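# Residue-level structure breakdown
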Amino acid sequence: MSIEVKQLAINHIELDDQAQSKAHYRASLVEPTIAVSHLIEQLHLAYNGKPAKGYAVFNAENPQQVVTALNDWLQQTSDFTLLANAATAELEQQLMTHKLPEHGYFLICHYRYLASDYLLFCLLGSKDHFALSDELELATSRHLDIARMQLAARIDLTAYQTSAQSGNYLSFIRGRAGRKVADFFLDFLGCEEGADAKANSKVVLASVEEYFSAAEFDEAEKNDTRKQVYAYCEERAKSGQEVVLSELSAVVDEQEQQGFMRYCQEQQLTVEEKFPVEVKELKNLVKFAGQGGGVSLSFEQKLLGDRVQYDAHSDTLLIKGTPPNLRDQLQRFVQGYSSFEHKTKDE
């Protein structure tokens, strides 16, 4: 992976005795080193791998402190330290306003990946690690907890400066708190929600299936193409890039590469030229899964209508041929464990 770290600032947010956020500012920027590059690479990959992202655009009619500081920096009327400190101060205020008891190290990084520049805002917690010396002396060290990244947002600076009207240049991790975290980021960055990755994914699912019928794909072609569409969308999401309609069209129909794109236009389907997707919403292209009421079940999409039959009227699922390990457990339970073992010994 080729990531070039341009500038990195790290400040600290702590909670005082009254559980109020308090910011501490580093005096200077972090010097870019190989270790810094490795850190940002890990953050870049961790951020891309997070599901359930929200997308937003800056509110031009009501610019907030972070937006103003960002534009001043982009216009080179201020430096990166001022931008980082302004963002930290706003973060401190919004954490208290939204009553989010979060604390940790606040990283603000400008980096370049492929042909795009990004600005990452990320609040990371820490955890203690233990180690033993050669003399078996116990030592502790504090590590950044990248795996539990929750409060993070990223601006595609290249898209913001060249195609701000797209509405996809600013993203944030919704996390487990969902709406509460979304509201926090909208206020923190002074923005309003833009593209809906979840809705886009559902449109892709429906549009691809409609095209299969219109183009008269047989079942084998449908199954193969579903896998390829899922693989393409998953790869784009993992690399932090949007799905490109022309590229998707070529994946959907290799023989008629513009066919799917023309079909979307003719049917007036709401599919943009470029759009973010939420991979988990596309899982139905290759697999069905669900759990509830003590039942957990998943099976490949291609099995529906064959080994797996679903009756929507009675809401009944019939599975022909159970997995060997499940069949063994069921037989043992139905026949009785002891009798089953005796039968096995006799054989």
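Shown above is the structure to which this text applies.
Each residue is numbered by its place in its chain's sequence as written, counting from 1. Totals for whole chains, interfaces and linings use every residue, but because this is a predicted model, local features are given only for residues with pLDDT of at least 70 and side-chain atom pairs only at 80 or more, for both listing and counting. To obtain the side-chain values, all non-hydrogen atoms of the structure were included, while hydrogens and water were left out.

Our next topic: helix α10 (residues 324-335). Helix and strand labels come from DSSP, where a helix needs a run of H or I of at least four residues and a strand needs a run of E of at least two; each type is numbered from the N terminus. In a helix, the anticipated span is given by 1.5 Å times the number of residues less one. If you check α10, its first and last C-alpha atoms are 16 Å apart, about what 12 residues at 1.5 Å a residue would give, namely 16 Å. The first or second residue beyond α10 is G336, which carries a positive phi of 95 degrees.

Further remarks concern the packing of helix α8 (residues 245-252) against helix α9 (residues 259-266). How two helices sit against one another is set out by the angle between their axes and by the gap between those axes. The axes used here are C-alpha line fits, helices contributing only the stretch in contact, and every angle between their N-to-C directions lies in the interval 0 to 180 degrees. Relative orientation of the contacting elements α8 and α9 amounts to 115 degrees, with a least axis distance of 7 Å. Here L245, S246, L248, S249 and V252 of α8 come into contact with α9, specifically with G259, F260 and M261. The criterion used for residue contact is that any of the two residues' heavy atoms lie within 4.5 Å.

Burial classes: relative accessible area under 20% of the type maximum marks a residue as buried, over 50% as exposed, and values in between as partly exposed (1.4 Å probe, protein chains only). For α8, the complete set of buried residues consists of L245, L248, S249, V251 and V252. Buried residues in α8, looked at end-on, bunch into an arc of 160 degrees, giving them a common side. Turning to α8, the residues buried within the fold contact α6 (197-214), α7 (219-238), β11 (243-244), α9 and β12 (274-275). An arc is given here, and it is the one of the directions from the helix axis to the C-beta atoms.

Turning our eyes to something else, we now look at the pairing of strand β5 (residues 116-124). Counting buried positions along β5 gives nine out of nine residues, so the element sits mostly inside the fold. Along β5, one buried face is formed by S116, Y118, L120, C122 and L124 and the opposite face, lined by D117, L119, F121 and L123, is buried too. In this analysis, strands are considered paired if DSSP registers two or more bridges between them. The sheet contact formed by strand β4 (residues 104-113) and β5 spans nine bridges and is antiparallel. Along β5, the bridge assignment pairs Y111 with Y118. Where β5 and strand β8 (residues 151-156) come together, six bridges link them in antiparallel fashion. When the sheet's bridge partners are listed, F121 is paired in β8 with A153.

Another aspect to go through is the packing of helix α2 (residues 65-74) against helix α3 (residues 80-97). Closest axis-to-axis distance for the α2/α3 pair is 9 Å, and the angle between their directions is 175 degrees. One finds that α2 runs roughly antiparallel with respect to α3. Along its contact with α2, which presents Q65, V66, A69, L70 and W73, the element α3 presents F80, L83, A86, A87, A89 and E90. Lys, Arg, Asp and Glu make up the charged group, whereas Ala, Val, Leu, Ile, Met, Phe, Trp, Tyr, Cys and Pro make up the nonpolar group; the residues left over, Gly among them, are polar. The class makeup of the residues in the contact of α2 with α3 is nine nonpolar, one polar and one charged. Between 65 and 115 degrees an angle is taken as roughly perpendicular, under 35 as roughly parallel, over 145 as roughly antiparallel, and anywhere else as oblique.

A few words now on the environment of L318. As for its position among the elements, L318 is in strand β16 (residues 316-319). What makes L318 partly exposed here is its relative accessible area of 47%. C-alpha separation for the pair L318 and E247, spaced 71 residues apart in sequence, amounts to 38 Å. Excluding residues within four positions of it along the chain, L318 makes contact with R307, V308 and Q309.

We now examine the pairing of strand β14 (residues 295-300). As judged from the six bridges shared by strand β13 (residues 287-292) and β14, these two strands associate in the antiparallel manner. In the strand pairing of β14, K287 is matched with E300. Adjacent in sequence and paired antiparallel, β13 and β14 are bridged by two residues, among which G293 carries a positive phi angle near 60 degrees.

The values reported here are purely geometric and, on their own, carry no functional implication.
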